[in-house]
Amino acid sequence: MPSRPSAARRLAARTAAILLTGALAGAVTPPAAQADAFVTRPTAYVDPMIGTSNGGNTYPGAVRPYGMMAWSPTSTTGDQTSTGAANGYEYGVTRMRGLSLTHVNGAGCNPGAAGDVPIMPFVGDVTSSPSADTKDAVYASGFSHDDERAVPGRYTVGLDSGAGADLAVSERAGVADFSFPADKPASLLFRVSNSLNGSEDARIEIDTAHRKVTGSVLTGAFCGRRANGGTNNRKSYYRLYFSASFDRDFAATGTWRDGTLMPGATSGSGGEGYATGADRAGRGSGGWVGFDTSADDDVRMRIGISYVSRAGAETNLRKEIAPRASVDDVARAGTAAWDRELSSARVGGGSDAQRTSFYTALYHSLMQPNLISDTDGRYPGMDGEPHRVTRGQKAQYSNFSGWDQYRAQIQLLALLKPRIAGDFAQSLYNFARQNGGVWDRWVHVNGATHVMTGDPTAATLATFYAMGVRNFDYEGAFESLARQATVPHPDGLSDAGCPGQCTGQRPNLAQYLESHYAAQDVCHCWGGAAETLEDAVADDALGRWARLLGRDEEAAAFEERGLWWRNVFNPGASDGAGTTGYIQARNLDGSWVTPFAPGSDRGFAQGTSATYTWMVPQDVQGLAEAMGGRETAARRLDGFFHKADGSWSVKGGDALRYDPTNEPGIHAPWLYNALGQPWKTQETVREILNTVYGTGPRGLPGNDDLGTMSAWYVFSALGVYPQTPGSATLLLGAPLFPSAVLHREQGGDIAISAPLADATHPYIDTLSVDGRVSDRSWTDARLVIRGESLSYGLGDRPNTSWATGPANLPQ
């Protein structure tokens, strides 16, 4: 007589059957489509596994658009204080110690952020403290990708232990079916203290009479273990509350703290600290509930979360998920939510692989910002106190990876989801007012983490306004950001957290305003050259914003500051092989920081001079002039994307050439438009789309950085790209798809037609904008504000005369 399949394998098989029969959108195999038919069910082309390897740091778990709850695995490589990747999941690591309730998409600091309250279905008797299992040898389990399914809003896995989990979520709550072998002890472990970064405190309460488990974790510490300033962030700034209820009585209960197990106990507490390895191993707290699965081996759990209170978590659950809703019910609603969100960009034609890359990139782009307010509008402020959303604001959002996102992701958000963008802008302004007027460059939940460099919030909100976003207090926000950019703050003289997490929004502003550059030896920043370039971009964006607001005097002042990048361009800096003119750091006395090499990162943040020299999107013509003219600049740009033998070098790993994995240079392929050689933008972008991005776990080139790298793909596949922060101008390239329509909540739709788009037609021959022939490789704000149509004639070879006239170049 054949043995009965394990509960986990039955669960995985059931889910696979659902997917393959099409009962749930998001099937692993997309439906067949006519060659140029518009996609009508985008979730069919979303693969949450893309980016889960190759350093992409995405996660495959269940999440809704902008969701607070993101239910996904925490993996282990044999160290309970670490994981296989920065956000808890690495495709090549097939052992997990829990399914955590919160995640952040693509953050680079390992072990990332969040990963709060791992919940682990465990088969066997709980005979020792799970926190004492420092190698994850006992209370973790392996799994096979054959027993794993991930689709938008749902995640299912069968474990080698015989247990399994089927999860689906709303925005702030979720439902799970946990399955167990019928003939073995079955428990759920709540590892409340085991957030990815550790915790200061954690608590659990087990209510046997009402079949409930509640608790919270006090944590934070994003990038708190980073060598370059991370100790500054070894602190708590939020508490996550949860409340879970079950469909059956508990057969056993217990809690633990550190190495002590307390069978039968119903409450416990204790944090882990923010160290790593042996300095933290064996610490922590949690609890478990056991079940009699002899007659019914599936356990259903409903859970809500909140950053405000346990009551908030329970209200969120009650308002978002019906009492008897099944995993299928919640997953179906999640699929519908994602289909609505992703349908804002409908493409026609292209291969299945291209559609999968495109819609997965859009999916990753629209995961954030993330809700942190409850259904009643309450949220934790940056001052540590509870607040309510402002009048007219629908929700408070957070998770702002500013240094990354201001280059592509926030433009995509403004273009497709302006109401979300406006609420996000208001959210950041709310935080600043609660933080003494200071805006932070990397906000996680309600914490100011100070990660990276520059003033990306100024660039972000200026861009929102330029692209038509109005549902925020833009006058108040502008005045606040302008003040921080003109009035020195004491934080700007602090070295706390430096170089990677300096506390000042505008480090040593008084010196910057006097010298017109950030001096490397006194800047209190990551790198003086990088800081100067970042501040010049931010100031130029503030100037553009001021101009749109009719504040001409302030506009002129900020626009002039936007040209201060020239003070760190050294025309005499050389690569030793005949090329001169590079961005280089300077000291307070005006001397150049030496020794200099284009491949060095001295004076820069996560990049080299060779990359940062191109980071002047606001003044490309000025940069070209400084290099000796557009022709010279274009030849140098050729060398940035090609090796000496002419072959492509666009995959990273060369300090002198393009790096698709990091932000300072991701706009560089589009610079050819301003240099009068737009056909090189077209062929370079297509090469990157074809060779750097793809499908499968390795389909992203590096950290997704809260949707930034994915947004680059979405824009590039559509054949458009934002020119510079604070502007609604889009640069134009060759579309990847024969047709696309961007459906917008405000303003008209944008229709893109390129009938010949395919692998052999990557070049633009002709362009019409709303029926008018255009010889410009860019569009003005009308495309974004009003909506227009772009009609392309594409060719199989470069058209070296289209959009090359000096009068028609983007400025």
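Going by the structure above, here's the rest.
Residues numbered from 1 in each chain as written. Predicted model: local features only at pLDDT ≥ 70, side-chain atom pairs only at ≥ 80, totals over all residues. Heavy atoms only, no water.

Engineer: Teacher, can you tell me more about the sheet that holds strand S23 (residues 400-401) here?
Structural biologist: Think of a sheet as strands paired side by side through backbone hydrogen bonds, with each pair either parallel or antiparallel. Strand order in this open sheet of three strands is S23-S24-S25, and the pairing throughout is antiparallel. Whereas interior strands pair on both sides, the edge strands pair on one side only; in this sheet they are S23 and strand S25 (447-448). Where S23 lies against strand S24 (residues 442-444), two bridges are found, and the strand directions are antiparallel. Directly across from phenylalanine 400, in S24, lies its bridge partner valine 443. (Pairing = 2+ DSSP bridges. Helix = DSSP H or I, 4+ residues; strand = E, 2+ residues; numbered from the N terminus.)

Engineer: Got a minute to help me understand helix H8 (residues 456-466) in this structure?
Structural biologist: Side chains three or four residues apart in an α-helix point the same way, a direct result of the helix having 3.6 residues per turn. For H8, a buried count of 11 out of 11 residues is recorded, marking the element as mostly surrounded by other parts of the structure. Within H8 the residues assigned to the buried category are Pro456, Thr457, Ala458, Ala459, Thr460, Leu461, Ala462, Thr463, Phe464, Tyr465 and Ala466. Just beyond H8, the residue with positive phi is glycine 468, at close to 100 degrees. (Buried < 20%, exposed > 50% of the residue type's maximum accessible area, 1.4 Å probe, protein only.)

Engineer: Looking at this structure, I do not really get helix H11 (residues 528-548). What am I missing?
Structural biologist: Spanning 21 residues, H11 covers 30 Å between terminal C-alpha atoms, matching the ideal 30 Å at 1.5 Å per step. The element H11 is extensively covered by neighbouring structure, given that 18 of its 21 residues are classed as buried. In the stretch just after H11, glycine 550 is the one whose phi turns positive, near 80 degrees. (Expected span 1.5 Å × (residues − 1).)

Engineer: Explain the sheet that holds strand S31 (residues 750-753) to me, please; I cannot follow it from the model alone.
Structural biologist: The sheet built from six strands is open, its strands ordered S18-S30-S31-S35-S32-S33 with mixed pairing. Because the sheet does not close on itself, it has two edges, and the strands there are strand S18 (345-348) and strand S33 (772-773). Of the pairings in the sheet, the one linking S18 to strand S30 (residues 739-742) comprises four bridges and is antiparallel in character. Pairing of glycine 348 across the sheet is with serine 739, part of S30.

Engineer: Just checking my understanding: could you explain unusual backbone geometry for this structure?
Structural biologist: Most peptide bonds take the trans form, and the phi angle of most residues other than glycine is negative. That bond from glutamine 368 to proline 369 is cis: its omega, 10 degrees, falls within 30 degrees of zero. Relative to the elements of secondary structure, proline 369 occurs in the loop between helix H4 (352-365) and strand S19 (370-371). The residue after threonine 594, namely proline 595, is reached through a cis peptide bond having omega 0 degrees. Positive phi, close to 55 degrees, is recorded for aspartate 136, a residue that is not glycine. Here aspartate 136 lies in the loop between strand S4 (119-123) and strand S5 (141-151). With a phi close to 65 degrees, histidine 450 is a non-glycine residue in the positive phi region. Along the polypeptide, histidine 450 turns up in the loop between S25 and H8.

Engineer: Mind showing me how you'd approach the state of the cysteines here?
Structural biologist: As used in these notes, a disulfide is a covalent bond between sulfur atoms, one from each of two cysteines. Under the definition given, this model contains three disulfides. Put simply, cysteine 498 and cysteine 502 are joined by a disulfide, and their sulfur atoms are 2.1 Å apart. Its torsion about the S-S bond being 140 degrees, the disulfide of cysteine 498 and cysteine 502 is classed as right-handed. With a sulfur-sulfur separation of 2.0 Å, cysteine 523 is cross-linked through a disulfide to cysteine 525. Note on the cysteine 523 and cysteine 525 pair: the S-S dihedral is about -95 degrees, so by sign convention the disulfide is left-handed. Taking the relative accessible area as the measure of exposure, cysteine 523 reaches 4% and is therefore buried. Sequence-ordered numbering of the disulfide-bonded cysteines in the chain gives the connectivity 1-2, 3-4, 5-6. (Disulfide = S-S within 2.5 Å.)

Engineer: What am I meant to see in the packing of aromatic side chains here?
Structural biologist: Two aromatic rings, taken as a pair, are described by how far apart their centres are and by the angle between their planes. Inspection of every chain in the model, using the stated rule, returns 33 aromatic pairs. Look at phenylalanine 358 and phenylalanine 737: their rings are 5.4 Å apart centre to centre, the planes differ by 75 degrees, and that puts the pair in the edge-to-face class. Of this pair, phenylalanine 358 sits in helix H4 while phenylalanine 737 is found in the loop between strand S29 (730-732) and S30, placing the two residues 379 residues apart along the sequence. Phenylalanine 737 shares its class with phenylalanine 358; the two are buried. Their ring planes at 55 degrees and their centres at 5.0 Å tell us that tyrosine 465 and tyrosine 474 sit as a pair that is tilted. These aromatic residues form a ring-pair network of at least three members: Tyr465, Phe472, Tyr474, Phe478 and Trp545. (Phe/Tyr/Trp six-rings, centres within 6.5 Å; stacked < 30°, edge-to-face > 60°.)

So, to be careful, I would describe these as geometric facts and stop short of saying anything about function.
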